[in-house]
Structures are given as structure tokens and as C-alpha cells.
Amino acid sequence: MRGTPAGVIERYLHHLEGERGLARNSVLAYRRDLRRYCDHLSACGLPSLDAVGEAEVAGFAAVLRTGDDTHPPLAAASVARMLVAVRSLHRFAADEGDVPEDVSRPVRPPTPPRRLPKALSIDQVVAVLAAAAGAPPPGSPPPSGRPQPVEPAEAVRRLRATALLELLYGTGARISEAVGLDVDDLDLEAASVRLHGKGGRDRIVPLGRYAIAAVADYLRVGRPTLVAPRSGPAVFLSRRGNRLSRQSAWSVLRTAALAAGVEGVSPHVLRHSFATHLLDGGADVRVVQELLGHASVSTTQIYTLVTVDRLREVYAASHPRALGAALGSIGHHSRTWGPRTDRCVTGPCMTDP
């Protein structure tokens, strides 16, 4: 039936995929969230969206926050994500004429706390990349005796792992963008790669020399040993010759991070690290927006919070006028630094004229 929640949801998902061009994973996420909303409406005895009012939408939000017999309470970010899907569904239904008005508009999603994205230090990234290439963990004693030969299959895995991780960190690509690469997307002579982003938005990103060298070695030596009739143009291949899956690529990174002794690493953490290190190095936020493929600069600006926080730490630890404030010693007889000297002097707090 056209006006049933399930029927409208199916048409809305087709609209997202076919007309708006959302990525498959995004459509699947909408499907999961809206299935729970549909189950909620069914449990409330609401056979159509036309029977749903603002109170019912707000009630669903309340259930998400408090949980029920089959679902635990959700964090504010998860509630906000589900309500975005629900409000988009109702707006679509109103535009399509399934309901006379969008009753969900007054129901505002909760504002989740703004969390700083996790980023690795440069040393941690280097350790992970070295581990992918088979280097020993940091701090381990040098091997004694003659080096053992590497099995051909292991050598290929190392070439693939190094190329994949250098590309992820060197371009800020999403894991889906990396495993979706075809050989024609690479232009090593021009030092660039075409990434196929969310919503069908492509972008061309420069490749650094480390990524170029790693990818070139893999294409020359590693990939030919993995190619099978079903491989097609995929850059990164599994040992059976299929396009490498996101899960397998995740496993490559997890194995390298474990070998390097670095915790909390994921493909998205590498992406965060890429952005943070660029901004730390002085890159403009709009350039980083283009490199990451963000539709809005506001999404990219959260990374500036990381760099500002880091600047505060450096300032508090380094500036002579910040030391007293950082140590909570502002006032008379505080410990300050004498002008134009390297000695610490004790006396009344120095103030600007």
C-alpha cells in the first residue's frame, strides 16, 4: 500500500540511491535506521504515515534515548543520526503527497557533544607504515646473524600492505575509496589519483613520493602475482584475485598497527591524521576540505579544533608569559622568566606596561 510506512520507506531508499546518488553503505545505514522506526510505528498501532503526528515522532526520539526491552539507550549522536533519517523520510512523504504535511519538522535532533577526532602522531604513523613493510617493532633488538629470506607470498603481502597504507595516509582516502580504485585511476607520472567519493563526487588528489614509490612497486611486482581472470581493473587484489574488500583492507591495517605496537588505529584514524598533520603544517582548511572530499567546509573545521588544542599545549609549555598561567602561579611572588635571559627569577609578577 502506497501510504504504509514500509512502502514509503522503500520508495525513499530508491530515491536516495537512484536520484540522489548516495553510496550503497549510506543507503544501508538509512535502511537500518528506518526499519527500526517502522517497527516502532507498528508497535504503536499506526498503519500509515498519515496517522503519525509530531507527538509520535518525538516519542520515538524519547524511546531511542531511554531504550526499551529489546534496545539499549543510544548516545546523543546515534539518536541525532536516526532522527535525521526519520525527518528526511517525512519530508519526502510530504513532497510526494503521501501525507498533507511534514509533522517531523518541529522535532529537533539532540546536539551531540563535539568530540575531537583522534589523530596519530607522525612517529606513530611512520611506525605503522614501517611495520606494513616488515620492519621490526620500534625498540626491538637488531636481528642477529644473516637475515632470513622472505617467502614470495609474504613479500607480495608486504608490497600490497605498504602501497595500501601509504595511499590511505598520503591522500586521506576513505577505505571504500581506496579499495574501489581501478588502475586507470592512478597517474603516477602526474603524481595524482582519482578518488570516487560519496554521492558520486570524484576528486583528484596529489600523491606524495612515498606513496608513488610504494604503489609503483606493488603494481610492478606484487599485483601481477595476484591477478586472475576475474580481477578486472582493480588495483588492490586479494590472494584469490578478487578486488580487496573493505574488511580485508581493515585487517591489513590492524595487522600492521599490532606489529608496530600502536593502539586505536583504523582507516578513519589515518584519514584524521592526514587532515590534522596537513593543518599542523599550515595548510588552508579549504584545501584540506577539497582533499578530503567534504561537501561542506564545516565538516572539515572540526580538525582545526585539534590543531588549536595542540597550539595551546605548545604555547603553555613554551611561552615565558604562559608558564605562570599554566602552573596556576599568576600573582605576586610567582615564578617568572627574566627578560632576555635563560635564568629563572623569583619576584613580583611582571606585567605589561
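The rules behind each value
Residues numbered from 1 in each chain as written. Predicted model: local features only at pLDDT ≥ 70, side-chain atom pairs only at ≥ 80, totals over all residues. Heavy atoms only, no water. Helix = DSSP H or I, 4+ residues; strand = E, 2+ residues; numbered from the N terminus. Buried < 20%, exposed > 50% of the residue type's maximum accessible area, 1.4 Å probe, protein only. Contact = heavy atoms within 4.5 Å. Areas by Shrake-Rupley, 256 points an atom, 1.4 Å probe, with all protein chains shown as cover. pLDDT = per-residue confidence, 0-100. Polar contact = N/O pair within 3.5 Å; in protein donor to acceptor, adjacent residues only side chain to side chain. Expected span 1.5 Å × (residues − 1). Pairing = 2+ DSSP bridges. Phe/Tyr/Trp six-rings, centres within 6.5 Å; stacked < 30°, edge-to-face > 60°. Salt bridge = Lys/Arg side-chain N within 4 Å of Asp/Glu carboxyl O.

### Overview of the overall build of the protein
- When helices and strands are tallied, the protein shows 14 helices and five strands.
- Counting every position in the protein, which comprises 353 residues, the buried fraction comes to 39%.
- For the protein, the proportion of contacts with a sequence separation of at least 24, taken over those separated by at least 6, is 56%.
- Within the structure as shown, the protein displays about 20300 Å² of accessible surface, and the carbon and sulfur contribution to it stands at 55%.

### Notes on the confidence of the model for the protein
- For the protein, per-residue confidence averages 83 on the pLDDT scale, and residues scoring 70 or more make up 78% of the total.
- Below pLDDT 50 for its whole length, residues 324-353 participates in 33 contacts with residues either more than four positions away or in separate chains.

### Some words on the side chain of D98
- With respect to the secondary-structure elements, D98 resides in the loop between α4 (76-96) and α5 (122-132).
- The exposure class of D98 is buried, given its relative accessible area of 15%.
- One polar contact links D98 to R11, side chain to side chain, over a distance of 2.8 Å.

### Digging into α5
- Among all positions of α5, only V125, A127, V128, L129, A131 and A132 are buried.
- On the buried face of α5, the contacting elements are α6 (152-171), α9 (246-260) and α10 (267-280).
- Among the residues trailing α5, G134 stands out with phi positive, at a value near 95°.

### Concerning α4
- Along its 21 residues, α4 runs 30 Å from first to last C-alpha, staying within 8% of the 30 Å computed at 1.5 Å per residue.
- Of the residues making up α4, those classed as buried are V79, A80, M82, L83, A85, V86, R87, S88, L89, H90, F92 and A93.
- Looking at the buried side of α4, the elements it contacts are α1 (5-19), α2 (24-43) and α3 (54-66).
- Looking one or two places after α4, you find G97, whose phi comes out positive at around 85°.

### Notes on the pairing of strand β2 (residues 192-196)
- Relative to β2, strand β1 (residues 186-187) is paired through two bridges, and the arrangement is antiparallel. Bridge pairing in β2 links D187 to S192.
- In textbook terms, the turn of a hairpin is the stretch between consecutive antiparallel strands, and for β1 and β2 this stretch comprises four residues, one of which, A191, has a positive phi near 55°.
- Strand direction decides the pairing type here: β2 and strand β3 (residues 202-206), joined by five bridges, are antiparallel. Of the residues in β3, the one forming a bridge with S192 is P206.
- Counting the residues between successive antiparallel strands, the hairpin from β2 to β3 contains five residues, one of them, G199, with a positive phi of roughly 65°.

### Side note on the sheet that holds β3
- The strand order across the open sheet formed by three strands is β1-β2-β3, and the pairing between neighbours is antiparallel. A single partner strand is all that each edge strand has here, and the edge strands are β1 and β3.

### Quick notes on the packing of aromatic side chains
- Within this structure, the stated rule accounts for four aromatic pairs.
- Consider the rings of Y12 and F92, whose centres lie 5.3 Å apart with planes at 50°: the pair is tilted. With Y12 in helix α1 and F92 in helix α4, this pair connects stretches of sequence that are 80 residues apart. Note on accessibility: Y12 and F92 belong to one class, buried.
- One aromatic cluster is present, built from ring pairs that chain together Y12, Y30 and F92.

### As for the pattern of salt bridges
- Across all of its chains, the model carries 10 salt bridges by this definition.
- Between R11 and D98 there is a salt bridge; the shortest N-O distance is 2.8 Å. Of this pair, R11 sits in helix α1 while D98 is found in the loop between α4 and α5, placing the two residues 87 residues apart along the sequence.
- The residue R157 makes a salt bridge to E154 at a minimum N-O spacing of 3.0 Å. Taken together, the residues R157 and E154, both in helix α6 and three residues apart, mark about one turn of the helix.

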